[in-house]
Amino acid sequence: MKKIAIYPGSFDPVTFGHIDLIKRAIKIFDRLIVAIARHPQKEVLFSAKEREELLKIATRSIPRVTIEIFDGLLVDYVKRKKAGVMLRGLRMISDFEYEFQMALTNRRLRPEIETIYMMPNESYCYLSSKLIKETASLGANLKDFVPLFVERKLKHKINHRAHKGVM
Ligand code: PNS
């Protein structure tokens, strides 16, 4: 039986840390579905469609990876996909408490689904989409954090919002 894993998140936007994790995961699982939460519990800069587009470009050379958008409860989506495993990245101790709560809540909701954690390469352990958005809005060079096409899209989006007076 094929081992399918779901890698859920906001991906607002995809970073080198996410890509690193996807490359590690695909060595272990037969198929990986990167699942973008349409409405995560935080404000997002990119629409779900835009986040999907960026992830598709970022992963196009990685085999057996598909990108999807999901709504509603994550464990229900995982069940619908007939996947037994959810994958999350663990960067630092500060991630632990939230991840622990989420994994145990999801386990209570659907005990048959396991959450597995993987650590990205240490050079990406400090990366977060939130800080990348902040540094981008202040004009920093993002070459160590995100692929060039993501940096361009990010800066374009931020400039566009600034002109409209949103940021
Ligand atoms: O990248 P993020 O923002 O840390 O990802 C969080 C995400 C999207 C995985 C989480 O918010 C989620 O699972 N949302 C879907 C709704 C849900 O199932 N919530 C209960 C989680 S215990």
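Below, the structure is looked at part by part. On a predicted model such as this, the values are computed, not experimentally measured, just so you know.

## Concerning the pairing of strand β2 (residues 31–37)
Remember that side chains alternate between the two faces of the sheet whenever the strand is regular. Counting buried positions along β2 gives six out of seven residues, so the element sits mostly inside the fold. Direction of pairing for strand β1 (residues 4–9) relative to β2: parallel, over a ladder of six bridges. Across the sheet, residue I4 finds its bridge partner in β2, namely R31. As for the winding sense of the linkage, the β-α-β connection from β1 through helix α1 (residues 16–25) to β2 is right-handed.

## A few points about the nonpolar core
One finds Y7, I22, L32, V34, L55, V65 and L154 to be the most contacted residues of the largest nonpolar core, which totals 35 residues. Setting aside residues up to four positions removed in sequence, L55 forms contacts with F11, V14, I22, V34, I36 and I67. Grouped together as the second largest cluster of nonpolar side chains are 13 residues, F70, V78, A83 and M86 included.

## Details of the site of the ligand
Taken together, the neighbourhood of the ligand is formed by 13 residues, with S10, K42, L73, L74 and R88 sitting nearest. S10 is positioned such that a nitrogen or oxygen atom in its side chain is 2.5 Å from an oxygen atom of the ligand. In the environment of the ligand, an oxygen atom lies 2.9 Å from a nitrogen or oxygen atom belonging to the side chain of K42. Coverage of the ligand by the protein chains reaches 80% of its 550 Å² of free accessible surface. When atoms are counted within 2 Å of each cavity's grid points, the one that captures over half of the ligand is the largest pocket. The biggest single contributor to the shell around the ligand is helix α4 (residues 93–109), with four residues. Looking at side-chain class alone, the shell around the ligand contains six nonpolar, five polar and two charged residues.

Procedures and definitions
Residues numbered from 1 in each chain as written. Predicted model: local features only at pLDDT ≥ 70, side-chain atom pairs only at ≥ 80, totals over all residues. Heavy atoms only, no water. Buried < 20%, exposed > 50% of the residue type's maximum accessible area, 1.4 Å probe, protein only. Helix = DSSP H or I, 4+ residues; strand = E, 2+ residues; numbered from the N terminus. Pairing = 2+ DSSP bridges. Right-handed = clockwise from strand over helix to strand, strands pointing away. Core = buried A, V, L, I, M, F, W, Y, C linked by side-chain atoms within 4.5 Å. Contact = heavy atoms within 4.5 Å. Near = heavy atom within 4 Å. Polar contact = N/O pair within 3.5 Å; in protein donor to acceptor, adjacent residues only side chain to side chain. Areas by Shrake-Rupley, 256 points an atom, 1.4 Å probe, with all protein chains shown as cover. 1 Å grid on protein atoms, 1.4 Å probe; cavity = no way out; pocket = protein on both sides within 12 Å on 5 of 7 lines; lining within 4 Å. Sits in = over half its atoms within 2 Å of the grid points. Nonpolar A, V, L, I, M, F, W, Y, C, P; charged D, E, K, R; others polar.

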